[in-house]
Amino acid sequence: MSAESSVVKDPQDTRRPRRRSERPFAWAVACGMSAYGALAGVRFDRLFHNPDAIWEVYTVGQPRAREMFGPDVMYAGPNFEQISYGHINCLGCELAFAPDSEPMYTSLYGSLAEGIRALHKPVDWAKAGLMPSYLELWTKLRGKFSGHDIGFGGFRAQGPITTAWALRGHDFFLDLHDDPPLCMEFLRLVTDSIVSFRQFLLRVNGLGAPNGAFVTDDIAAMIRPELWSELVVPILDRFFRLQTSGERGAHIENLIPDHIPFLDTLGLDYFDPSPSPRKLPERNFEIWIQHLKK
């Protein structure tokens, strides 16, 4: 298994047809390590790196969750709590683990040019950032929980727009207007880096090419709909096409009605809207269902 990031070729410039799924609207309730930790009285930040705390949380908290919530809830298996910033940590963003809190990061690139230069360099994902520590933690957890099939996926990447914002900070929103061509080059390189990172995770888990891909990209909702055709759609389409010709899914919070038609342009097979504070939940649900019926 090669640890170095692979060179990602440009995707073919083909138009993907609309792929509206015929699946009915569905919902599910899941319970995972963070809920187990609350029920077991274990401090949240310990779930990201302490194998003894993870053992306690699962062996104490999970039975309490099952007793409290019953059989209609899905219960996650044991693992370290998910970190959404694994990819940017491997690029150089420092992570801080405050007591009883999510990990936080520091932005990395002071300019688009700096980011572009850095992203052209290959990355040995197996040795970058905290990856060695998490691969070691994964090994320990598989030993502790030998009866469970524990995959390595909790040290993960965000979607391209969110990642670009994380790497550049709030200046990213100025980049969109100050130098659109350079910003698009940066976004393409960010996307290729994410895909390379995800391919590394597939190899770690002994998996081949995926049958589909799912993107989590909440910051995409902060790009006004008028810019989606030229900015967001090409980048998210690149994210999908570089990985799979199969199903496409997305989680993007806080979209507004004018964003929704672009989900068809992307050819999504399923979409998780989650909360949208800029509109009443009832209104967002109504808009989404009306769009599905078209």
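As the structure is a prediction and not an experimental result, all values here were calculated from the model. (Residues numbered from 1 in each chain as written. Predicted model: local features only at pLDDT ≥ 70, side-chain atom pairs only at ≥ 80, totals over all residues. Heavy atoms only, no water.)

Colleague: Could you clarify how one ought to interpret the pattern of salt bridges in this entry?
Modeller: Two side chains of opposite charge can pair, provided their charged atoms sit close to one another. The tally for this structure, following the rule as stated, stands at 8 salt bridges. Close ionic contact of Glu 136 with Lys 140 constitutes a salt bridge, the shortest N to O distance being 3.7 Å. In this pair, Glu 136 and Lys 140 are both assigned in helix α5 (residues 131–144), 4 residues apart and thus about one turn of the helix distant. A relative accessible area of 43% means that Lys 140 is categorised as partly exposed. A salt bridge links Arg 224 to Glu 226; the shortest N-O distance between them is 3.6 Å. Classification of Glu 226 as exposed rests on a relative accessible area of 54%. (Salt bridge = Lys/Arg side-chain N within 4 Å of Asp/Glu carboxyl O. Helix = DSSP H or I, 4+ residues; strand = E, 2+ residues; numbered from the N terminus. Buried < 20%, exposed > 50% of the residue type's maximum accessible area, 1.4 Å probe, protein only.)

Colleague: Sorry if this is basic, but what is going on with unusual backbone geometry here?
Modeller: Its identity as a non-glycine residue notwithstanding, Asp 100 has a phi of 55°, on the positive side. The residue Asp 100 is located in the loop between β3 (95–96) and β4 (104–105) in this model. Despite not being glycine, Asn 254 shows a phi value in the positive range, around 75°.

Colleague: Just checking my understanding: could you explain the packing of helix α2 (residues 51–69) against α5 for this structure?
Modeller: Relative placement of two packed helices is described by the angle separating their axes and the distance separating the axes. Viewed as axis vectors pointing N to C, α2 and α5 meet at an angle of 40°, and their least axial separation amounts to 10 Å. Judged by the angle between their axes, α2 and α5 are oblique. Like other packed secondary-structure pairs, α2 and α5 cross with a definite hand, here right-handed. Within the contact between the two elements, α2 uses Pro 51, Asp 52, Ile 54 and Trp 55 and α5 uses Leu 137, Lys 140, Leu 141 and Lys 144. Counted by class, the contact of α2 with α5 contains 5 nonpolar, no polar and 3 charged residues. (Axes fitted to C-alpha atoms, helices over the stretch in contact; angles between N-to-C directions. Parallel < 35°, antiparallel > 145°, perpendicular 65-115°, else oblique. Left-handed = near helix turned anticlockwise from the far one by under 90°. Contact = heavy atoms within 4.5 Å. Nonpolar A, V, L, I, M, F, W, Y, C, P; charged D, E, K, R; others polar.)

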